[in-house]
Amino acid sequence: HPDLLARSRRHIQPPTMRRARKHANTIQLMRKRKSRADVGDDVLRASRDGEDPSFEVLEENNASIVADRIERLEKIISLKKEAIPSVLDDERNEMETAKKYAALLERVDQRIAHSQNYCRAVSLTIFCIIYAVTLLWQVDNDSTCGVEIAVINNIINSLPGGVQGGFLSSTDDFWSFLSGSVLGATFKDPQCGDGSCDIPTEFPGFGRFGCIADCGRYAETTTISVDLGDFIYNEVKYNPSKQPCSVDSPNPPCQYLGAVNRSVTTSPKFKYNIYSTTMGDYLWDQDVDANTIRRVEVPDGEFQLYLYQTQKTSEAVDLVDIYQALNTVPSTVPARSAERDFDYGDPREYLATTSALISDINQYCWGPNQAAHNYVCDWHPSLDTTITALASYGVAGSVLMSTGMRKTSTLAEVNFCGALPQGSLGLTNTSNRDYLRSLAIACPHRRRLPPPMTQSLSESAGADTPRAVGTGAVGSRCVAHSQCDQSVRDPFYNHTGLFCARSSSSVDYGTCAYCAFCQADSAGISPCLAQCGLVGDAPECISAARLVADFQCQSTFNFSVYRFNPPGQAPTVVPGSQPTLPELTQHNLLVGPLMITQVRRAHVPCSDAGNGPLRALVNRTSCLGPRDGSPFGVDPTYLPASQTYNGKLLMSDAYNVSTEVRAISTTASSGTVFTKMAPYGFFPHQYDGVTFGPKEENLISKADVDTFKVYFDGVLTLSQANAMLSYMQDGGFIDNQTSSISLDMITYSSDLNLFSILVITFDWQDGGSISWDYRLHSRRVDLYTLGDAQRGLEYTSLVLLGLFMAVDLRRFYVRLRSAKLGSLFSFDTLLEWGHWALMAYTWATWYRLCDKAASFRMLTQQDYWVLANPTANTRMLQTNSTSESSFLALHALVTDYVLNSSEHYNALASCSLVLFVIRVLRSLEFQAHLGVITRTITAAWSNLLHFVVLLVAVFIGYAVAGHLIFGHEFHDMSTVEDSMVMHFWIILTFDPTIFYDQTRHAAPEWIFHIYVWTFLVLCGYLLFNIFLAILVDAYMIVRQTAILATPLHEDIAAVVTHAAKALVLPREVFVSDWDLRRRLVLLLNVTQRQRAVLPRRRQVLDLLAAALQHNGRSLQLPGGVEITGRVLRALAKTPAQDPQASAVAPLGGEELADEDDEQEAWVEDLLARYSDPINAAELEAAVVADVRAESLKRDLSTYRVHQRVHDAVARVDALLDLVAAKVLGVDALDKARAAAPVRAISNSSAELLQVTVLKARDLPKKDILRALDPFCLVCLTSDPRNPTGKHTYKTRVVTGERNPEWNERFMFPLATDSRTSPLLSLVVMDFDKCSVDDLVGVVGINVMRDVPPPGAPCLEQWFPIQADPPLKSAAVLLRLERLGKPDPSLPSDPPPPPSPTPAAPAPAAAAAANEGASGDGAMELLSVGQGDEQA
């Protein structure tokens, strides 16, 4: 193609020129070799057939003959010099030889590298699979997932927010969660009657102990009865027979007071209980009220009967009430001295209880609400009631044991307590009156009289008239003392005679009564003291302190029962057994206690505010500062308002009163505020409640100093756990200093040999909200569940790791020796060594984890029971310091092993595996089909980097703005970090439920909508689609290169086949790439050593013979290097090793022998492996395609330049029109234009070429998101220096059509006298408003060759559209017609006929069209070629 080659030499850019010259030289060399081979074959054939006997004597020793034959052979060569180039000169050039060897060596190295890449990719893949399987064998996520899901479902999901975490609305949510979801799900009360005897909580039972239904009855028990009651209940003195009262009661009359109603507020509420040393517990779970008879079964052993006064009468009865009932001077009444709230026998309680009893009896007998008179009151004068009540405090009765045959024996006798020795005898014992007189003191003011009788028996009986003088009985009406019977003896004073007592219902009469009721003259209807002779019998005021000076009251009574065992030998009722451990979830046992840890912050003064009023407010408010380890709260068992209150407890028995007690203010039911001392409820971890001081150093956990811990041991029942929870609530465990609370639980599954740890953290934030989060992880104790197989796989992984590191280290050393410092810090090198370092660290972490698992040891379960006494009534949270230290050590070990180390190892292993996958992908990058991902990322890397910079700037801006606008109300934007995470999820999910309602009310409506919609449009749609477009564009580029690459299966088959042949076939038949490389390296070294040695005559003859046998088949390598079959045969005879380098010739120096089949197969294999035989047609087509592509690029570049020039010309033309109009005027300008001749393109001898662009088909889309908008550019040129010609026409744009129709006709002048054939070019473009128009393809037509001459039918044909990459079926339909030369009679230089659609526009119109078409200035007609007169 001389025209094409000449054109390419003049117009193609230097790189393209070199490539075109290379292809042209290759074509010429191929033709020369072919002709030379033909002639050489003739010469060789003639020599062998005997026509030229020169070769017959080559081996003879006669020097003259040999010289003669060589001379004849040189003459033959000189005769064929024109046909056969001088081979000797070419082959003597050692530099050319070295170049050929180097080119072939480079090709061999490429194949070896290709095979090595496959080997490395396969080995990396196998290693990755082995490593992944190793990691899978190290875990058992199927089991651990089941355990953790059960924990999540049973515990975590009961919290607000579930697994996502969230906030509590108040502390009540915390207590509800702890009570219901944790304690309720973990601890259980034994269910008696379920058919299972759960020892030790269930055992053979009796009474309230054990479970008879499940475990049977304990037979060796004795029934005892307890009958204890107060003064009203017993009536020991007044009515031993306890008969009901009536008018006709025999003498002595009925005195039963059982109907007296005690006041609820002043009743002492006496209770009792019996403690069994055998059972280690009380016989009744609740204290028993007095005034009832209780029977209970007891085992043999020692017992203690405890009496309690459960209501403080002293808080309900004041000093005035005591004074009115007992005549005690208030200043002499002692204060309460009992330390326990339920103490029995306190002197102050004794006085208050006695006065309350007297008041209740007087109110019953003489009060205003008495509806009908009760006969019993006539037999109870107030002084007698007072004396009797002073001797009747507490309860009285006995404890009896049944001995059989309806016989009983008394185990304990309980009597009333009193200050009067014989007080139970009342007034009948004169010593009682004498004792009261001895207590008389001066009254501080006039004594108030006791309440008078309001009714009498006669009024109740309905007697209307007084009786006769001296005949009135007790209760009869009277108006004078004389009307009463004076012969009746007073049973109290042993006095004879009655007196007429005053009645409150009438002032006219009274009732006859015993003189015991006359304690003052006002008691009678007339003065009675003289009548009864009792003056001074009752002192007006007495001293309470002297009254109770010798008061003592026993509250504990010991007794024993031994019917089945010798005295002193108590039986074993509860069998010894390990308690059943609680389960957090099914099959997951709680290890140790459930631990609650609180961190508190101290109150500190707040910082100064900015102005005066705020500073004054802040100074009155305290703020939270650093961690606080001071004791706090209160033991609620000493608070009456608490559910766990127990008044029987003595504070000094459990607490150090001097250091562990503080003052607590309480309010009584009467409204009186009392200040009492109560112990602290919660102490820091470093405090020992047993020694009342700091713990020993070895028992303190450094991480837990100044924290407050509560433990729920596994031996607790649900009732005991709830009691401890009530202790925490009532004791004030959570207050305004609480900073955080963590809940830790360790479980163990024996079925799976699996430890799990759950940590739930609650944070009390400064803003008032309570956030919570959790950590949950599980890990087997036995890490080698698969035994030797797992260990073998791990060892294999370690060996492979060592081998790969050794290979990479060797490669690193080679690069370092070769001074390739750039490759030492390449991405792949850093990735390799970073990955190996990470894997080595991961394995080290694994073996540290295995060492921890192997050294893991546990004590017995009892050693981890932290509570000192789980059944204690006070100081429930007291711990055993040694057990607590053991559990904290276990907790730290499990936390480090299961939570920290395991999570750390899993993270490292996951990262190692991910890097492994990345390396595998990188190792596959050499293969065009498998390296699509990495090559796509590499191709898009630069654009992605710029995009990420833009995205980060926009994203951070919106995140900060969202934090400023919505962060004050929306928690997920309360910090900049949280705001960035939330914005990321908004882009990723486009879920309005996660942000819309939460942010809508946090800002004004207008700013909310502006912010949300601009963010969604800018980041969610625009930037996201740009990101996808970058990746897709890079993928399309990579994919186009992959289409032409060798298919994967063929590539793998070739590598495998080569490896198999290298292993099976001998070297004489097949040479591997490595053997060939060694031979080439050897030859290159020898060539360098023998470069200055001239070839011998024998070598020349051998070279000539080899050249003559060349059959035209050779290897074509990059750079125009050709390796002939002769060179390959020389390689076949070159040894792979070089024991004696001087014996090896650089090229063809070996003795040529007859070719055998094995050597020929060897050469043929190399030819097939490294290159295809030369195909002149294909090579020529490749050259033409390259030249045409470069020409197309040059033409398009020139077209763009012409467009810009046309814009400039159009602007100049418009300016000239304005200037001419301004100078000449519009009318003169129009006349000048009309008179001016119209000049057209001068070409009088040109034919006309009519081009009609009809339509196109199957045009490809150039953009993924935009439809195709095609149009065509048509130009005709015959001058290589002007590739677009003088005229370029443009069709209209057809919008959104891959099969457009134009039907537009254009006329071109066709010069027939040109030295080159005119070339019609049609360029199909895709119109783009926003960017440069895209090229679809081109069509090139040789007009003189392809278009029929004038007069012949027109040519209408589909022309394929040429593009890179090639298009399958895209084509354009053209109608071409040559119209011949114009008529000579017509005026010369006529303009070209205008095309019907579109007509050639004026410059202004072209400029307008240019502005409306594209930014590059597309136009309908360009007339800016060289020599254009209009331009």
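As the structure is a prediction and not an experimental result, all values here were calculated from the model.

**Q** So what about the overall build of the chain? Which residues, and what values?
**A** The helix and strand inventory of the chain stands at 37 helices and 36 strands. Relative to its full complement of 1431 residues, the chain shows a buried share of 45%. Put simply, of all contacts in the chain between residues at least 6 apart along the chain, 71% involve residues at least 24 apart. Surface summary for the chain: the accessible area is close to 71,200 Å², and the carbon and sulfur share equals 56%.

**Q** I'd like to hear about the sheet that holds strand S28 (residues 1247-1257), residue by residue, with values.
**A** Here four strands make up an open sheet; going across it, the order is S31-S28-S35-S34 and the pairing antiparallel. Each of the sheet's edge strands pairs with one partner strand only, and the pair in question is strand S31 (1301-1310) and strand S34 (1355-1360). Averaged over all pairs of adjacent strands, the angle between strand axes in this sheet comes to 25°, irrespective of strand direction. Examined bridge by bridge, S34 and strand S35 (residues 1371-1378) share six bridges and lie antiparallel to one another. Within the sheet, the bridge partner assigned to Gln1357 lies in S35 and is Leu1374.

**Q** Go over the packing of helix H22 (residues 827-854) against helix H23 (residues 881-923), please, and point to the residues and values.
**A** Between H22 and H23, the shortest axis-to-axis distance is 9 Å and the interhelical angle comes to 150°. Accordingly, the angle class assigned to the pair H22 and H23 is roughly antiparallel. Between H22 and H23 the crossing geometry is left-handed. Split into classes, the residues belonging to the contact of H22 with H23 amount to 17 nonpolar, seven polar and six charged.

**Q** Describe the pattern of salt bridges, listing the residues and the values that go with them.
**A** All chains considered together, the criterion is met by 29 salt bridges. Between Arg217 and Glu297 there is a salt bridge whose closest N-O contact spans 3.3 Å. Residue Arg217 is located in the loop between helix H8 (212-215) and strand S2 (221-229), and its partner Glu297 is located in strand S6 (residues 292-299); the two are separated by 80 residues in the primary sequence. Taking the shortest distance from any N to any O, the salt bridge between Glu884 and Lys695 comes out at 2.5 Å. Here Glu884, found in helix H23, pairs with Lys695, found in the loop between strand S21 (693-694) and strand S22 (707-712); they are 189 residues apart in sequence, far enough to count as distant. Assigned by exposure class, Glu884 and Lys695 land together as buried. The network of salt bridges with shared partners includes Arg120, Asp808, Arg811 and Glu832.

**Q** Kindly report on a nonpolar patch on the surface, identifying the contributing residues and their values.
**A** A contiguous nonpolar surface patch, about 520 Å² in accessible area, is contributed by Val948, Val952, Ile956, Val960, Leu964, Val976 and Met980. The set of elements that each furnish at least two residues to the nonpolar patch consists of helix H25 (941-966) and helix H26 (976-989). Among the elements that make up the nonpolar patch, the one with the highest residue count is H25 (five residues). Among the structural elements, Val976 can be located in helix H26.

**Q** Give a detailed account of the environment of Gly792, specifying residues and quantitative values.
**A** On the secondary structure map, Gly792 appears in helix H20 (residues 788-817). The exposure class assigned to Gly792 is partly exposed, which follows from its relative accessible area of 30%. The sequence separation of Gly792 and Thr134 amounts to 658 residues, and the corresponding C-alpha distance is 9.6 Å.

**Q** How would you summarise the confidence of the model for the chain if you had to cite specific residues and measurements?
**A** Per-chain confidence: the chain averages 76 in pLDDT, with 71% of residues scoring 70 or above. Per-element confidence in the chain ranges from a low mean pLDDT of 34 for helix H37 (residues 1403-1413) to a high of 94 for S22. Low pLDDT, under 50, characterises residues 82-88; the stretch is placed with 11 contacts to residues that sit more than four places away or in other chains. Counting interchain partners and residues more than four positions distant, the pLDDT-below-50 stretch residues 447-467 has 56 contacts.

**Q** Describe the state of the cysteines, with residues and values.
**A** Applying the stated criterion across every chain yields a total of six disulfides. Here Cys192 is linked by a disulfide to Cys211, with a sulfur-sulfur distance of 1.9 Å. Its torsion about the S-S bond being 90°, the disulfide of Cys192 and Cys211 is classed as right-handed. Of the two residues, Cys192 sits in the loop between helix H7 (171-186) and H8 while Cys211 sits in the loop between H7 and H8, which places them 19 residues apart along the sequence. Linked covalently through their sulfurs, Cys443 and Cys541 form a disulfide whose S-S length is 1.7 Å. The chirality of the disulfide connecting Cys443 with Cys541 is right-handed, given an S-S dihedral of about 120°. Residue Cys443 is found in the loop between helix H13 (430-438) and helix H14 (457-461), and its partner Cys541 is found in the loop between helix H15 (529-532) and helix H16 (544-547); the two are separated by 98 residues along the sequence. Relative accessible area serves as the criterion here: at 26%, Cys443 is assigned to the partly exposed category. Of the residues examined, Cys541 reaches a relative accessible area of 1% and is grouped as buried.

**Q** Give me H26: which residues, what numbers.
**A** End to end, H26 covers 20 Å across 14 residues, agreeing with the expected 20 Å (1.5 Å per residue, within 8%). Listing the buried residues of H26 in full gives Ser979, Met982, His983, Ile986 and Ile987. Along the axis of H26, the buried residues cluster in a sector spanning 140°; they form a single face. In H26, those exposed residues whose orientation departs by more than 90 degrees from the buried face are Glu977 and Leu988. Against H25 and helix H28 (1005-1043) lie the buried residues of H26. The first or second residue beyond H26 is Phe990, which carries a positive phi of 55°.

**Q** An account of the environment of Thr989 is needed here, citing residue identities and associated values.
**A** Tracing the backbone through its elements, the reader meets Thr989 in helix H26. Owing to a relative accessible area of 37%, Thr989 belongs among the partly exposed residues under this scheme. Along the primary structure Thr989 and Gly1020 are separated by 31 residues, whereas in three dimensions their C-alpha atoms are 9.8 Å apart. Polar side-chain contacts of Thr989 include one of 2.6 Å to the backbone oxygen of Trp985.

**Q** Any chance you could break down the nonpolar core for me, citing the residues and the numbers?
**A** With 95 residues, the main nonpolar core has Ile596, Phe712, Phe733, Ile760 and Phe762 as its most contacted residues. By residue number, the principal contributor to this core is H23, which donates 11 residues. Excluding residues that lie within four positions of it along the chain, Ile596 makes contacts with Leu178, Phe708, Lys709, Val710, Phe712, Met728, Phe733, Ile741, Ser742 and Leu743. Formed by 64 residues, the second largest nonpolar core is a distinct cluster that contains Val298, Phe303, Leu351 and Leu357.

**Q** Please set out the packing of H25 against H28 residue by residue, giving values where relevant.
**A** Geometrically, a packed helix pair is captured by the angle between its two axes and the distance between the axes. For the pair H25 and H28, interaxial distance at closest approach is 11 Å and the crossing angle is 165°. Judged by the inter-axis angle, H25 sits roughly antiparallel to H28. Here H25 and H28 pass one another in a crossing that is left-handed. Of the residues in H28, those touching H25 at Asn943, Leu944, Phe947, Leu950, Leu951, Val954, Tyr958, Ala959, Ala961, Gly962, Ile965 and Phe966 are Ile1007, Phe1008, Tyr1011, Thr1014, Phe1015, Leu1018, Cys1019, Leu1023, Ile1026, Phe1027, Ile1030 and Leu1031. A breakdown of the residues in the contact of H25 with H28 according to their chemical character gives 21 nonpolar, three polar and no charged.

**Q** Explain the packing of aromatic side chains to me, using residue names and the numbers behind them.
**A** All told, the structure shown has 54 aromatic pairs when counted by the stated rule. Between Phe206 and Tyr218, the ring centres sit 5.8 Å apart and the planes meet at 45°, which makes this aromatic pair tilted. One end of the pair, Phe206, is in the loop between H7 and H8; the other, Tyr218, is in the loop between H8 and S2, and 12 residues separate them in sequence. Grouping residues by exposure puts Phe206 and Tyr218 together as buried. Seen from their ring centres, Tyr306 and Tyr308 are 6.4 Å apart, and the 15° between their planes marks the pair as stacked. Classification of Tyr306 by relative accessible area gives partly exposed; the value is 24%. Among the aromatic residues, those joined into a cluster by ring pairs are Phe127, Tyr131, Phe804, Trp836, Trp843, Tyr847 and Phe916.

**Q** Let's hear about unusual backbone geometry: which residues, and what values?
**A** Unusually for a residue other than glycine, Lys269 sits at a positive phi of about 55°. Along the polypeptide, Lys269 turns up in the loop between helix H9 (231-234) and strand S3 (270-276).

**Q** Lay out the sheet that holds strand S10 (residues 477-478) in plain terms, naming residues and giving numbers.
**A** The strand order S10-S12-S11 describes an open sheet built from three strands, whose pairing is antiparallel. This sheet does not close on itself; its edge strands, each paired only once, are S10 and strand S11 (498-502). In this sheet, strand S12 (residues 510-514) lies alongside S10 in antiparallel orientation, the contact comprising two bridges. Counterpart to Cys478 in the pairing with S12 is Gly510.

Definitions and limits used
- Residues numbered from 1 in each chain as written.
- Predicted model: local features only at pLDDT ≥ 70, side-chain atom pairs only at ≥ 80, totals over all residues.
- Heavy atoms only, no water.
- Helix = DSSP H or I, 4+ residues; strand = E, 2+ residues; numbered from the N terminus.
- Buried < 20%, exposed > 50% of the residue type's maximum accessible area, 1.4 Å probe, protein only.
- Contact = heavy atoms within 4.5 Å.
- Areas by Shrake-Rupley, 256 points an atom, 1.4 Å probe, with all protein chains shown as cover.
- Pairing = 2+ DSSP bridges.
- Axes fitted to C-alpha atoms, helices over the stretch in contact; angles between N-to-C directions.
- Parallel < 35°, antiparallel > 145°, perpendicular 65-115°, else oblique.
- Left-handed = near helix turned anticlockwise from the far one by under 90°.
- Nonpolar A, V, L, I, M, F, W, Y, C, P; charged D, E, K, R; others polar.
- Salt bridge = Lys/Arg side-chain N within 4 Å of Asp/Glu carboxyl O.
- Patch = residues over 30% accessible without salt bridge, like charges linked within 9 Å, V, L, I, M, F, W, Y side chains within 5 Å.
- pLDDT = per-residue confidence, 0-100.
- Disulfide = S-S within 2.5 Å.
- Expected span 1.5 Å × (residues − 1).
- Arc of directions from axis to C-beta.
- Polar contact = N/O pair within 3.5 Å; in protein donor to acceptor, adjacent residues only side chain to side chain.
- Core = buried A, V, L, I, M, F, W, Y, C linked by side-chain atoms within 4.5 Å.
- Phe/Tyr/Trp six-rings, centres within 6.5 Å; stacked < 30°, edge-to-face > 60°.

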